[in-house]
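# Commentary on secondary and tertiary structure
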Amino acid sequence: KAGVTQTPRYLIKTRGQQVTLSCSPISGHRSVSWYQQTPGQGLQFLFEYFSETQRNKGNFPGRFSGRQFSNSRSEMNVSTLELGDSALYLCASSTQQGGTEAFFGQGTRLTVV
Amino acid sequence: SQKIEQNSEALNIQEGKTATLTCNYTNYSPAYLQWYRQDPGRGPVFLLLIRENEKEKRKERLKVTFDTTLKQSLFHITASQPADSATYLCALGRRGGGADGLTFGKGTHLIIQP
């Protein structure tokens, strides 16, 4: 079974630009969550989608948004990039809500210059 | 506010010994707790999940305990090996689970010395 696939793996953007990251969950998984990981803050929850609906949202500004498609693939978008958005963005999928394990992708390393 | 604390310093353990990692939390009533392993430049990998009504879980050389009164989980690796060197993250989850809004600690960097 293929794992969670995130693209691209690395990205360099300029302040003020926008970026879209993609996540393909494990086949059959309907829950997709996004996390931001930085050395100072650790892993922080961005949002979670289940069956194309956003179920939960973390404490991030409105510049961070996401969506999920009917095939469970998900994208997250960050507009008006700031230097502080430089981080590893991780996507995790699971079969359903309910205390099951989460499978993480390798992440997308975003650098804002 | 919710707070999860893990040993912030790196933990150095001699090969063959038992490594014990601590996860303490405040202002949180988790339905379950998970432990993940993360290697540099890679995403976390799920290791164990323990629910609020469970005291202990084991998987091969791994053991996790969960004390909701003390608000603490202990993660043990017995017969540790250099390949166990990594950062270990604990994560708390509410009812509704999966990757839904897991709250992570900042992790403990474990170094197993040959």
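Note: the structure precedes this text.
Our subject in this report is the structure included herewith. (Residues numbered from 1 in each chain as written. Chains lettered and ligands numbered in written order. Predicted model: local features only at pLDDT ≥ 70, side-chain atom pairs only at ≥ 80, totals over all residues. Heavy atoms only, no water.)

In this structure, the largest pocket spans a volume of roughly 580 Å³. A:Leu43, B:Gln2, B:Ile4, B:Thr103 and B:Phe104 are, among the 23 residues lining the largest pocket, the residues nearest its centre. Residue assignment for the lining of the largest pocket shows that the elements contributing at least two residues are strand E5 (42-50) and strand E6 (53-57) of chain A together with strand E1 (3-6) and strand E10 (103-104) of chain B. Its residues placed into classes, the lining of the largest pocket shows five nonpolar, 11 polar and seven charged. Put simply, the second largest pocket is a space of about 390 Å³. What lines the second largest pocket is a set of 19 residues, among which A:Gln37, A:Thr38, A:Pro39, B:Gln38 and B:Thr87 lie closest to the centre. (1 Å grid on protein atoms, 1.4 Å probe; cavity = no way out; pocket = protein on both sides within 12 Å on 5 of 7 lines; lining within 4 Å. Points joined across faces, edges and corners; volume = space filled by probe spheres on them. Helix = DSSP H or I, 4+ residues; strand = E, 2+ residues; numbered from the N terminus. Nonpolar A, V, L, I, M, F, W, Y, C, P; charged D, E, K, R; others polar.)

Turning our eyes to something else, we now look at the nonpolar core. Counting 23 residues, the largest nonpolar core has B:Leu21, B:Leu33, B:Trp35, B:Phe75, B:Ile77, B:Tyr88 and B:Leu110 as the members making the most contacts within it. If sequence neighbours within four positions are ignored, B:Leu21 has contacts with B:Asn7, B:Leu11, B:Trp35, B:Ser73, B:Leu74, B:Phe75, B:Tyr88, B:Thr108 and B:Leu110. Core analysis: the next-biggest nonpolar cluster, separate from the first, contains 21 residues, A:Leu11, A:Val19, A:Tyr89 and A:Val112 among them. (Core = buried A, V, L, I, M, F, W, Y, C linked by side-chain atoms within 4.5 Å. Buried < 20%, exposed > 50% of the residue type's maximum accessible area, 1.4 Å probe, protein only. Contact = heavy atoms within 4.5 Å.)

Before going further, it helps to examine the interface of chain B and chain A. Contact residues are listed per partner, giving 21 residues for chain B and 25 residues for chain A. A combined buried area of about 1700 Å² lies between chain B and chain A, and 50% of that area is made up of carbon and sulfur atoms. If you look at where chain B meets chain A, you find zero salt bridges. Put simply, chain B and chain A have four residue pairs in polar contact (both at pLDDT 80 or more) between them. It is strand E4 (residues 32-38) of chain B that provides the largest number of residues to the side of chain B that touches chain A, a total of four residues. Here the residues of the side of chain B that touches chain A sort into nine nonpolar, eight polar and four charged. (Buried area = accessible area lost by both parts, 1.4 Å probe. Salt bridge = Lys/Arg side-chain N within 4 Å of Asp/Glu carboxyl O. Polar contact = N/O pair within 3.5 Å; in protein donor to acceptor, adjacent residues only side chain to side chain.)

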